[in-house]
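Here is what each chain is made of, one letter per residue.
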Amino acid sequence: MKTFRSPLDLTLVAIFLVSAALVLLTNEDPFFRSGICSALPCPRAAQAWRRVIYDLSIGSLVSLIFYWLIVRLPEYQRRQRIKRSFAGRYRRFKEDCIGVMLGVADGTYDGSLVDELIEQKKFRKYFTENSHERWYRFLNKLDQHSLNELKTFMEIFRDEIEFVLNTTTIPEDEPFEFLKRLSAAIRSLQDTTLGYDETKPLENFLFEVFAGFNIVSGYAKQDVIETLIASI
């Protein structure tokens, strides 16, 4: 998690530090001012001006503390809830889709295998061994019922993406644009029908999400979507 999520965060921290320093320097008790000014040259200010600066600095500190307690802390807690919900929905989406793919490819399967194959490296090892035999079996045996299930699970996950986009401030452009592209890609797959050419976009999407393969960069070292969720 990034400590500072935007230029505003840096500005607020800078104001807090400057205000705290001014409070110490202009305090009526010269203990801090004497120590600093003995080592560094300090501008001399009249007692009245020191009092004004002291009052303004105290007001700034109090305002920033209340702003953090009333605005930023609840916002952070809300963002963490949304992040946990998003991560949980993504995991459930993968579990549901993997269950369908295993059912189509293998007929029956051990439930614990679904949890294991959530990890991209294990998924691609399982489905690509023997020259992608199991993956091609899934594609060749995919029927209308299983296709509809996959589209339903994808649409549910897309609803979660839209919720995150509409309710969460994502400070960086790249994750925001990635989520928009992901939502659009899922939406475009809702019209998928059976047939080699018709299911090719679906095949590419599923293999990229579950095996981590991208036609441009090859196999990813980490799950891109999980990394993005962690950055929210």
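### Things to note about the overall build of the chain
Secondary structure summary: the chain contains nine helices and two strands in total. In sequence order, the secondary structure elements of the chain are arranged as α-α-α-α-α-α-α-α-β-β-α. Of all 232 residues assigned to the chain, the portion counted as buried reaches 35%. Contacts in the chain between residues far apart in sequence, at least 24 positions, make up 69% of those at least 6 positions apart. If you sum the accessible surface of the chain, you get close to 14,100 Å²; carbon and sulfur atoms cover 58% of it.

### Some details on helix α6 (residues 144-167)
Along its 24 residues, α6 runs 35 Å from first to last C-alpha, staying within 8% of the 34 Å computed at 1.5 Å per residue. Three or more residues of α6 are buried, namely Ser146, Leu147, Leu150, Lys151, Met154, Phe157, Arg158, Glu160, Ile161, Val164 and Leu165.

### A short note on the confidence of the model for the chain
Per-residue confidence for the chain gives a mean pLDDT of 86, with 89% of residues at or over 70. The least confident element of the chain, judged by mean pLDDT, is helix α2 (residues 31-39) at 60; the most confident is α6 at 95.

### Thoughts on helix α7 (residues 173-188)
Over its 16 residues, α7 extends 22 Å from the first C-alpha to the last, a length consistent with the 22 Å expected when each residue adds 1.5 Å. Within α7, the full set of buried residues consists of Pro175, Leu179, Leu182, Ser183 and Ile186. Looking straight down α7, one finds that the buried residues subtend no more than 95° of arc, so they occupy a single side. Summarising the geometry of α7, the exposed residues directed more than 90 degrees from the buried face are Asp173, Glu174, Arg181 and Ser188.

### Points about the pattern of salt bridges
Taken as a whole and assessed by the stated rule, the structure comprises 13 salt bridges. Between aspartate 96 and arginine 92 there is a salt bridge; the shortest N-O distance is 3.1 Å. Of the two residues, aspartate 96 and arginine 92 both sit in helix α3 (residues 47-106), four residues apart, roughly one turn of that helix. The partly exposed category is assigned to arginine 92, whose relative accessible area is 45%. Among the ionic pairs, arginine 158 bridges to glutamate 155, the shortest N-O distance being 3.6 Å. In this pair, arginine 158 and glutamate 155 both sit in helix α6, three residues apart, roughly one turn of the helix. Overall, glutamate 155 belongs to the partly exposed group, its relative accessible area being 24%. Among the ionic contacts, a cluster of salt bridges with common partners joins Asp106, Glu129, Glu133, Arg134 and Arg137.

### What to know about the environment of threonine 193
Along the chain, the position of threonine 193 falls in the loop between α7 and α8 (196-211). Sequence separation of threonine 193 and glutamine 144 is 49 residues, and the distance between their C-alpha atoms is 8.0 Å. Non-local contacts of threonine 193, meaning those with residues more than four positions away in its chain, are made with Leu147, Glu198 and Thr199.

### A closer look at the packing of α7 against helix α9 (residues 224-231)
Where α7 contacts α9, the axes come no closer than 11 Å and their chain directions differ by 130°. In terms of orientation, α7 and α9 fall into the oblique class. Crossing of α7 over α9 shows left-handed handedness. In contact with Pro175, Phe178, Leu179 and Leu182 of α7, α9 contributes Val224, Ile225, Leu228 and Ser231. Class assignment of the residues belonging to the contact of α7 with α9 gives a composition of seven nonpolar, one polar and no charged.

Conventions and cut-offs
Residues numbered from 1 in each chain as written. Predicted model: local features only at pLDDT ≥ 70, side-chain atom pairs only at ≥ 80, totals over all residues. Heavy atoms only, no water. Helix = DSSP H or I, 4+ residues; strand = E, 2+ residues; numbered from the N terminus. Buried < 20%, exposed > 50% of the residue type's maximum accessible area, 1.4 Å probe, protein only. Contact = heavy atoms within 4.5 Å. Areas by Shrake-Rupley, 256 points an atom, 1.4 Å probe, with all protein chains shown as cover. Expected span 1.5 Å × (residues − 1). pLDDT = per-residue confidence, 0-100. Arc of directions from axis to C-beta. Salt bridge = Lys/Arg side-chain N within 4 Å of Asp/Glu carboxyl O. Axes fitted to C-alpha atoms, helices over the stretch in contact; angles between N-to-C directions. Parallel < 35°, antiparallel > 145°, perpendicular 65-115°, else oblique. Left-handed = near helix turned anticlockwise from the far one by under 90°. Nonpolar A, V, L, I, M, F, W, Y, C, P; charged D, E, K, R; others polar.

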